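# Observations on the three-dimensional arrangement
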Number of protein chains: 2
Amino acid sequence: MKSKAVVLLSGGLDSATALAFAKNEGFDCCALTVDYGQRNKIEISRAKIIAEKLGAFNYKVIRIDMRQIGGSALTADIPVPKEREMDDSIPITYVPARNTIMLSVALGLSEAIGAQDIFIGVNAVDYSGYPDCRPDFIEAFEKTANLATRVGVEGDKFTIHTPLINLSKAEIIKLGTKLGVDYSLTLSCYDPDKQGRACGKCDTCVLRRQGFEQAGIPDPTEYV
Amino acid sequence: MKSKAVVLLSGGLDSATALAFAKNEGFDCCALTVDYGQRNKIEISRAKIIAEKLGAFNYKVIRIDMRQIGGSALTADIPVPKEREMDDSIPITYVPARNTIMLSVALGLSEAIGAQDIFIGVNAVDYSGYPDCRPDFIEAFEKTANLATRVGVEGDKFTIHTPLINLSKAEIIKLGTKLGVDYSLTLSCYDPDKQGRACGKCDTCVLRRQGFEQAGIPDPTEYV
């Protein structure tokens, strides 16, 4: 029997690639979207389609109302900045403790379904200044996970897999294309229109567009 | 101005004592209940009253539907065992990754409101075999928190306070009584009736009853 894994899936380019990677490594994948009150529900419908297309055995959405927390343009009523200058500061689209919360929920689900492997498509190269995309953070979370759970107490081990952490956007796109990801389904934009067409201007749109250019792969994204 | 703190408040005896402790230490407290789909909503109404009585400046409930996760008697449709033999095994009432999830949400809220101190009423003495109540777990989570957030990146520090971690139930009750906690409001029982009266038989009821006896303080709990 294949080992089970939980794969965090947002509906974006990176997490879809992480799911294809996990599947290709031989894991039986349960895809998980943590819906933290995003304004764009279209991300979730895309994630479900991607999970099916990439052969996940199950797809779960767990809702956590992070709008109660506020403090980010992605969950509160703060406009998403356009054409922000790329610098070293932490951007306003940073959601407080997002990856910690998402990994915690993935950990709970893993323990409940008997999985010991969690995949997350974080990336330290094009990480736009998010502190919770760095290898040090992932390592600390993995250690916490093994102290937090039955699995850890009973002598076994959780592994947090970050197959994209050292890849450029172009390398991620090349990898996913090889593994059969249909990137026309993925949605990276922070501010798509109602049909799910990307704005082409926000940070992630810019990084994504450059990625396809650098990979020499035609960009299937539908822009407004 | 006082420093802000986030205090995890379940409505039980331990977390109410932790809130009174944080307040007494001089923190301006935001109480937080993470509603992980418990079957007993009465816990939440009690938590709100306790937060008000103990002078929290704000009270927040953040809902996360952990019934989607399952795997525990507290969130899935598994009957809560009565009169379980106390032994070293992890009980069925263990919720997968519960404290990791609750601390992650508290971390997000802390970052959003500008708090750097989180209080949680975990206890390693009467911890009923939960792995995520141990000092090693708390230490690992604190390290993770400081790698996960703006505060950590910008050189400051989060602290996870566990004022009850080495206290017996009797010592907790003595401490809270000194700090003015009205324990008749707190609800520890895993299986109260609709009026919020405790069953008197589950693990936490037994520990709580013994605690009052050992503290030599009259037990104000209403039992069925």
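Residues numbered from 1 in each chain as written. Chains lettered and ligands numbered in written order. Predicted model: local features only at pLDDT ≥ 70, side-chain atom pairs only at ≥ 80, totals over all residues.

This part takes up the sheet that holds strand 3 (residues 58-63) of chain A. Residues and elements named next belong to chain A. Strand order in the open sheet formed by five strands is 3-2-1-4-5, with parallel pairing between adjacent strands. Two strands close off the open sheet at either side, each with one partner strand: strand 3 and strand 5 (159-161). When the angles between neighbouring strand axes are averaged without regard to direction, this sheet yields 25°. Where strand 1 (residues 4-8) meets strand 4 (residues 117-119), three bridges bridge the pair, whose relative direction is parallel. (Pairing = 2+ DSSP bridges. Helix = DSSP H or I, 4+ residues; strand = E, 2+ residues; numbered from the N terminus. Axes fitted to C-alpha atoms, helices over the stretch in contact; angles between N-to-C directions.)

Let us now look at the nonpolar core. Buried together is how nonpolar side chains tend to be arranged in soluble globular proteins. Judged by nonpolar contacts, the single largest core of 116 residues is most densely connected at Val7(A), Leu19(A), Leu32(A), Val7(B), Leu19(B) and Leu32(B). Aside from chain neighbours lying at most four places away, what touches Val7(B) is Ala18(B), Leu19(B), Ala22(B), Cys29(B), Ala31(B), Leu32(B) and Phe119(B). (Core = buried A, V, L, I, M, F, W, Y, C linked by C-beta atoms within 7 Å. Buried ≥ 20, exposed ≤ 12 C-beta atoms within 10 Å, placed from the backbone. Contact = placed C-beta atoms within 7 Å.)

In this complex, chain A contributes 38 residues to the contact, which on the side of chain B involves 38 residues. Of all the secondary-structure elements, those providing two or more residues to the side of chain A that touches chain B are strand 3, helix 3 (98-113), helix 4 (135-148) and helix 5 (150-153) of chain A. If one sorts the elements of the side of chain A that touches chain B by residue count, helix 3 of chain A sits on top with 10 residues. A class-by-class count of the residues in the side of chain A that touches chain B yields 19 nonpolar, 10 polar and nine charged. (Nonpolar A, V, L, I, M, F, W, Y, C, P; charged D, E, K, R; others polar.)

The next point concerns the pairing of strand 2 (residues 28-35) of chain A. Residues and elements named next belong to chain A. Burial analysis of strand 2 places six of its eight residues in the buried class, which makes it a mostly covered element. Sheet topology places strand 1 next to strand 2; five bridges connect them, and they run parallel. In the strand pairing of strand 2, Ala5 is matched with Cys29. For the handedness criterion, the β-α-β arrangement of strand 1, helix 1 (residues 13-24) and strand 2 is classed as right-handed. In terms of strand pairing, strand 2 meets strand 3 through six bridges, oriented parallel. By the bridge assignment for strand 3, Cys30 is matched with Asn58. (Right-handed = clockwise from strand over helix to strand, strands pointing away.)

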